[in-house]
Amino acid sequence: MLPEIVKYQDVAVPILTFFMGFFASRFTLSKADRLSHEAAQFALSKQMAESQNQAYTRLMQALTKFVNDKDRPPTIDDFFAISGPAQDYLFQQKMVADAILSHQIDAQSRDATFIPKLTETADKVIPTTYATLKKIADKHGLPYPAEFERANYQSIFDAVEKFGRLGPYAPPDVHPPPPDTQN
């Protein structure tokens, strides 16, 4: 059998090399492709960071205005002035978390820029927003349930738990997983 393989060596080696090269090129990126991919990830990171900062600024302005105006009772206008920017910011944070979890954001931006803000959102922004809106809703008898449900922000918590660390002030998981019944 060995003499037959040696006989076809001149044909088999180029064919085998062609197939190995063909499949290797399909599963790896060239240097130019890698650089292009990294540039696209960086551009997306920059765009998401700008959107995140704008939404955060609007929310903090609304909360600051509410907190600084202690001389009057909260109004329904305060409720809407906070709830709109809060929804926008939390939606933006979910989009960032989704991008992180689907590896659309480069690791440097993820770790240095986005995870700290997502951690702050999970630890502080969500509880503060819910508490503030609940206070205003209760004051005016608004039918606002104002109950935190982790499932509504699951991607934020997943990203923080995978790449960061939740602090002691993070809202608890309202619906813990069922106990393990299989022993």
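First things first, this report covers the structure right here in the doc.

Thresholds applied
Residues numbered from 1 in each chain as written. Predicted model: local features only at pLDDT ≥ 70, side-chain atom pairs only at ≥ 80, totals over all residues. Heavy atoms only, no water. Helix = DSSP H or I, 4+ residues; strand = E, 2+ residues; numbered from the N terminus. Buried < 20%, exposed > 50% of the residue type's maximum accessible area, 1.4 Å probe, protein only. Contact = heavy atoms within 4.5 Å. 1 Å grid on protein atoms, 1.4 Å probe; cavity = no way out; pocket = protein on both sides within 12 Å on 5 of 7 lines; lining within 4 Å. Points joined across faces, edges and corners; volume = space filled by probe spheres on them. Nonpolar A, V, L, I, M, F, W, Y, C, P; charged D, E, K, R; others polar. Polar contact = N/O pair within 3.5 Å; in protein donor to acceptor, adjacent residues only side chain to side chain. Phe/Tyr/Trp six-rings, centres within 6.5 Å; stacked < 30°, edge-to-face > 60°. Core = buried A, V, L, I, M, F, W, Y, C linked by side-chain atoms within 4.5 Å.

**Focus: the side chain of serine 155**
Phase 1: Inspection of the secondary structure assignment puts serine 155 in helix 6 (residues 154-163).
Phase 2: Classification of serine 155 by relative accessible area gives buried; the value is 13%.
Phase 3: For serine 155, the contacting residues outside a window of four places in its chain are Lys94, Ala97, Asp98 and Leu101.

**What to know about helix 6**
Phase 1: The complete set of buried residues in helix 6 reads Ser155, Ile156, Phe157, Ala159 and Val160.
Phase 2: On its buried side, helix 6 packs onto helix 4 (76-101) and helix 5 (107-140).

**Here's the deal with the layout of surface pockets**
Phase 1: Of the pockets and cavities examined, the largest pocket occupies roughly 230 Å³.
Phase 2: Contributing to the lining of the largest pocket are Phe79, Ser83, Ala86, Gln87, Leu90, Phe91, Lys94, Thr129, Tyr130, Leu133, Tyr144 and Tyr153.
Phase 3: Ranked by residue count, the leading element in the lining of the largest pocket is helix 4, at seven residues.
Phase 4: Considered class by class, the residues forming the lining of the largest pocket number eight nonpolar, three polar and one charged.

**A closer look at the environment of threonine 129**
Phase 1: By secondary structure assignment, the location of threonine 129 is in helix 5.
Phase 2: Each C-alpha atom of the pair threonine 129 and phenylalanine 148 lies 10.0 Å from the other, and the pair is 19 residues apart in sequence.
Phase 3: Not counting residues up to four positions away in its chain, the partners in contact with threonine 129 are Leu59 and Ala86.

**Overview of the side chain of aspartate 106**
Phase 1: The residue aspartate 106 is located in the loop between helix 4 and helix 5 in this model.
Phase 2: Among the polar contacts listed, one links the side chain of aspartate 106 to the side chain of serine 45, at a separation of 2.9 Å.
Phase 3: Beyond its immediate sequence surroundings of up to four residues, aspartate 106 is in contact with Gln41, Phe42 and Ser45.

**Concerning the packing of aromatic side chains**
Each aromatic ring pair is summarised here by two numbers: the centre-to-centre distance and the angle between the ring planes.
Phase 1: According to the stated counting rule, one finds six aromatic pairs in the structure shown.
Phase 2: Judged by centre distance (5.4 Å) and plane angle (90°), the rings of phenylalanine 79 and phenylalanine 80 are edge-to-face.
Phase 3: With relative accessibility at 7%, the residue phenylalanine 79 sits in the buried group.
Phase 4: For phenylalanine 80, a relative accessible area of 52% gives the class exposed.
Phase 5: What links up through ring pairs into an aromatic cluster is the set Tyr130, Phe148, Tyr153 and Phe157.

**Overview of the nonpolar core**
Phase 1: Counting 33 residues, the largest nonpolar core has Ile82, Ile100, Phe114, Leu118, Ile126 and Tyr153 as its most contacted members.
Phase 2: Breaking this core down by element, the ones donating at least two residues are helix 3 (31-68), helix 4, helix 5 and helix 6.
Phase 3: When sequence neighbours within four positions are dropped, the list of residues in contact with isoleucine 100 reads Ile105, Arg110, Phe114, Ile115, Leu118, Ala159 and Phe163.

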